[in-house]
Amino acid sequence: MNIFKVKINFEEADHESVELPIAEGESVLDVCLENGIELQHNCGGVCGCSTCHIYVNKGMDNLQEISDKEEDFIDRAVNPRINSRLGCQCVVIDGDIEVTLPDQSGFMGH
């Protein structure tokens, strides 16, 4: 199994970027949850909502291709962009990635 790096940036000003290992076949949502990073996932990470919406800054080619189902849910996300993906569907297949997590305070009730 190959191990790569994921750099996670945050829209929230009081959060510092972190760089973490991510294994081939592992999702960004999994890495966040394993490392105590709050990334909302109302559906439990099964591509059934849009709450784990993130932005992929670098390494889009190192992720599994986007599915039609994922595209449909991204359309429902807050502030979708051309580089939007769902964290539960951002599964690394080959290489490092860099992502930005949108402000989670609206979801988390801060």
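Definitions and cut-offs
- Numbers given for residues are sequential positions, taken from 1 along each chain in its written order.
- Note on the predicted model: pLDDT of at least 70 is required for a residue's local features to be given, and 80 or more for side-chain atom pairs to be given and counted; whole-chain, interface and lining totals, by contrast, use all residues.
- Excluded from the side-chain calculations are hydrogens and water; all other atoms, namely the structure's heavy atoms, are used.
- Each helix corresponds to a stretch of at least 4 residues labelled H or I by DSSP, and each strand to a stretch of at least 2 residues labelled E; elements are numbered beginning at the N terminus.
- It is over C-alpha atoms that the radius of gyration is taken, and the globule rule equals 2.2 Å times the number of residues to the power 0.38.
- Each residue is assigned to one of three classes by its accessible area relative to the maximum for its type, calculated with a 1.4 Å probe on protein chains only: buried under 20%, partly exposed between the two thresholds, exposed over 50%.
- The contact definition used throughout considers only heavy atoms, calling two residues in contact when any of these lie within 4.5 Å.
- Shrake-Rupley sampling with a 1.4 Å probe provides the accessible areas, and residues are treated as covered by the protein chains on show and by no other component.
- Asp and Glu count as negative and Lys and Arg as positive, but His and the ends of the chain are not part of the count.
- For the purpose of locating charges, the reference atoms are NZ of Lys, CZ of Arg, CG of Asp and CD of Glu.
- Between any two strands, at least two bridges found by DSSP are needed for them to pair.
- In this analysis an axis means a line fitted to C-alpha atoms, helices contributing only their contacting stretch, and an angle means the value between N-to-C directions, from 0 to 180 degrees.
- Two N or O atoms form a polar contact when they lie within 3.5 Å of each other; inside protein one atom must be a possible hydrogen donor and the other a possible acceptor, and for residues adjacent in sequence the pair counts only when both atoms belong to side chains.
- Put simply, a nonpolar core is a bunch of buried Ala, Val, Leu, Ile, Met, Phe, Trp, Tyr and Cys residues held in one set by side-chain atoms that sit within 4.5 Å of each other.

A. Summary view of the overall build of the protein chain. Per the secondary structure count, the protein chain includes three helices and five strands. In the protein chain, the order of α-helices and β-strands from amino to carboxyl end is β-β-α-β-α-β-β-α. The C-alpha atoms of the protein chain give a radius of gyration of 13 Å, which matches the 13 Å a tight globule of 110 residues would have. The dimensions of the protein chain, computed from C-alpha atoms along their principal axes, are 35 × 35 × 25 Å. For the protein chain, the residues scored as buried account for 45% of the 110 residues in total. Sequence separation of 24 or more characterises 65% of the internal contacts of the protein chain that already satisfy a separation of 6 or more. On the protein chain, roughly 6,000 Å² of surface is accessible, and the fraction owed to carbon and sulfur atoms is 44%. In the protein chain, which carries 7 positive and 21 negative side-chain charges, the distance between the mean positions of the two groups comes to 3 Å.

B. Representation of the sheet that holds strand β2 (residues 18–23) in the model. The strand order β2-β1-β5-β3-β4 describes an open sheet built from five strands, whose pairing is mixed. A single partner strand is all that each edge strand has here, and the edge strands are β2 and β4 (84–86). The average angle at which neighbouring strand axes cross in this sheet is 40 degrees, direction not considered. As judged from the three bridges shared by strand β3 (residues 53–58) and β4, these two strands associate in the antiparallel manner. Bridging across to β4, Tyr55 finds its partner in Ser84.

C. Examining the side chain of Ser27 more closely. Assignment of secondary structure puts Ser27 in the loop between β2 and α1 (28–34). From its side chain, Ser27 meets the backbone nitrogen of Asp30 in a polar contact 3.0 Å long.

D. Highlighting the nonpolar core. Among the nonpolar cores identified, the biggest contains 26 residues, and Val6, Ile8, Val28, Val99 and Leu101 are the most heavily contacted of them. Listing elements by their share of this core, those giving two or more residues are β1 (3–10), β2, α1, β3, α2 (68–74) and β5 (97–101). Setting aside chain neighbours within four positions, we find Val28 in contact with Ile22, Ile54, Gly87, Cys90, Ile97 and Val99.

E. Highlighting the environment of Glu65. The residue Glu65 is located in the loop between β3 and α2 in this model. The exposure class assigned to Glu65 is exposed, which follows from its relative accessible area of 77%. For Glu65 and Ile93, which are 28 residues apart along the polypeptide, the C-alpha to C-alpha distance reads 9.7 Å.

F. Representation of the environment of Glu24. Position of Glu24 relative to the elements: it lies in the loop between β2 and α1. The class of Glu24 is partly exposed, set by a relative accessible area of 34%. Taking the C-alpha atoms as reference, Glu24 lies 18 Å from Arg85; in sequence the two are 61 residues apart. Non-local contacts of Glu24, meaning those with residues more than four positions away in its chain, are made with Met1, Asn2, Phe4, Val92 and Ile93.

Bear in mind that shape data such as this cannot, by itself, settle questions of function.
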